[in-house]
Amino acid sequence: MRFTRDDLLLFIGDSVTDTGRDREDPASLGDGYVRMIADALPSPATVVNQGLNGHRLQDLEARWTTDVIALAPSVVTVLIGINDTWRRYDRGLLSPVPEFEDSLGRVLTLVEEKCAARLFVMTPFLLPTGPDQEKWFEDLAPRTEAVLRAATAHGATVVRTDLALSRAAEEHGATALAPDGVHPSPLGHRVIARAWLEAAGVHEGRTPPEGL
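According to the stated counting rule, one finds one cavity of 30 Å³ or more in the structure shown. For the largest cavity, the calculated volume is near 50 Å³. Every residue along the wall of the largest cavity is listed here: D14, V16, L79, I80, G81, I82, P124, F125 and V182. Here the residues of the lining of the largest cavity are counted per class, giving seven nonpolar, one polar and one charged.

Set out below in structure tokens:
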């Protein structure tokens, strides 16, 4: 896929997307995969980062009109779900998978109806660093399946970040990619960026940097 100066690529999600961006500066991309993707694009498209630390899908839906639709993006990428799982185990906050799937379907429908943007849906991921996190998969696995169903139903391009990181962990080890199992290291962000670029069919431009 080729992007032009008329394209606006919007990325939205939680802290994995946020990565310390300056929320007072619309041009701030943070220090993670969004910046790496922007640096690798061979065209002058505009890239916007709308990630916010700690957000679950219900938080994204609440701000979807102002943070996504109002910007009229031509490409929208969503990465969400790990906090919906995490909050179950650290705070007892439930995010039932059927409701989660319905919510994701609603926000994707809005993009289709209001922006006619190309959709990318990235799968949530977890690289367990201990037995306490291993049990999270009882919640995350069906949630990931819900993400895949919603993406397919809306014709979105799926980016299997979970599989890309799992494969990379076989070579580098889980903690090298996400020290706490959730938040990627610079290496983990490179894996995510490359997975998106491959899914988008971007083969030109610069390779994502080796470090930040």
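What follows deals with the side chain of S185. The residue S185 is located in the loop between α9 (174-177) and α10 (186-200) in this model. Since its relative accessible area comes to 11%, S185 is described here as buried. Only 2.5 Å separates the side chain of S185 from the backbone oxygen of A176, close enough to count as a polar contact. Once you skip the residues sitting within four places of it in the chain, S185 turns out to touch A176, L177, A178 and P179.

Turning our attention to the sheet that holds strand β2 (residues 46-49). Hydrogen bonds between backbone groups are what pair the strands of a sheet, and the pairing can be parallel or antiparallel. Spatially, five strands are ordered β2-β1-β3-β4-β5 in an open sheet, and the strand pairing comes out parallel. The two strands at the open ends of the sheet, each matched to only one other strand, are β2 and β5 (157-159). Pairs of neighbouring strands in the sheet enclose a mean axial angle of 20 degrees, with direction left out of account. Note: strand β3 (residues 75-79) against strand β4 (residues 118-122), five bridges, orientation parallel. By the bridge assignment, T77 is partnered in β4 with F120. Contacts from α10 reach β1 (8-13), β3, β4 and β5 within the one sheet, and its direction differs from that of β4 by about 145 degrees.

At a closest axis distance of 9 Å, the pairing of helix α4 (residues 82-90) and helix α7 (residues 137-153) adopts a crossing angle of 155 degrees. By the angle between their axes, α4 is roughly antiparallel relative to α7. Considering how the two elements wind past one another, α4 and α7 form a crossing that is right-handed. Where α4 abuts α7, its residues I82, D84, T85, R88 and Y89 lie against E138, D139, L140 and R143.

Moving on: the pattern of salt bridges. One pass over the structure, following the stated rule, counts nine salt bridges. Salt-bridge contacts for R88 lead to E138; the nearest nitrogen and oxygen are separated by 3.5 Å. Residue R88 is found in helix α4, and its partner E138 is found in helix α7; the two are separated by 50 residues along the sequence. Look at R88 and you get partly exposed, because its relative accessible area is 32%. Each member of the salt-bridge network shares a partner with another, and the members are R88, E138, D139 and R143.

The rules behind each value
- Starting from 1, residues in each chain are numbered consecutively following that chain's sequence as written.
- Selection of residues for local features in this predicted model requires a pLDDT of at least 70, selection of side-chain atom pairs for listing and counting requires 80 or more, and totals for whole chains, interfaces and linings are taken over all residues.
- Hydrogens are left out, water is left out, and the side-chain values use all remaining heavy atoms of the structure.
- Method remark: on a 1 Å grid restricted to protein atoms, a set of points is classed as a cavity if a 1.4 Å probe fits but cannot get out and as a pocket if it is open with protein on both sides within 12 Å along at least five of seven lines; lining residues have an atom within 4 Å of a point.
- Grid points are joined across faces, edges and corners, and a volume is the space filled by probe spheres set on the points.
- The nonpolar class holds Ala, Val, Leu, Ile, Met, Phe, Trp, Tyr, Cys and Pro. Asp, Glu, Lys and Arg form the charged class, and all remaining residues, Gly among them, are polar.
- By definition, any uninterrupted DSSP run of H or I lasting at least four residues is a helix, any uninterrupted run of E lasting at least two residues is a strand, and each is numbered from the N terminus.
- To sort residues, take the accessible area from a 1.4 Å probe on protein chains only and compare it with the maximum for the residue type: under 20% means buried, over 50% means exposed, and anything in between is partly exposed.
- A 3.5 Å cut-off defines polar contacts: any pair of N or O atoms within that distance qualifies, except that in protein one atom must be a possible hydrogen donor and the other a possible acceptor, and neighbouring residues in sequence count only when both atoms are side-chain atoms.
- Any two residues whose heavy atoms approach within 4.5 Å are treated as being in contact.
- Being paired, for any two strands, means DSSP has found at least two bridges between them.
- An axis is simply a line fitted to the C-alpha atoms; with a helix, the fit covers only the stretch in contact. Between two such axes, the angle follows the N-to-C directions and lies from 0 to 180 degrees.
- For this classification, under 35 degrees means roughly parallel, over 145 means roughly antiparallel, 65 to 115 means roughly perpendicular, and everything else is oblique.
- For any helix crossing, the convention is left-handed if the near helix is rotated counterclockwise from the far helix by under a right angle, and right-handed if that rotation is clockwise.
- Salt bridges are counted wherever a side-chain nitrogen of Lys or Arg sits within 4 Å of a carboxyl oxygen of Asp or Glu.

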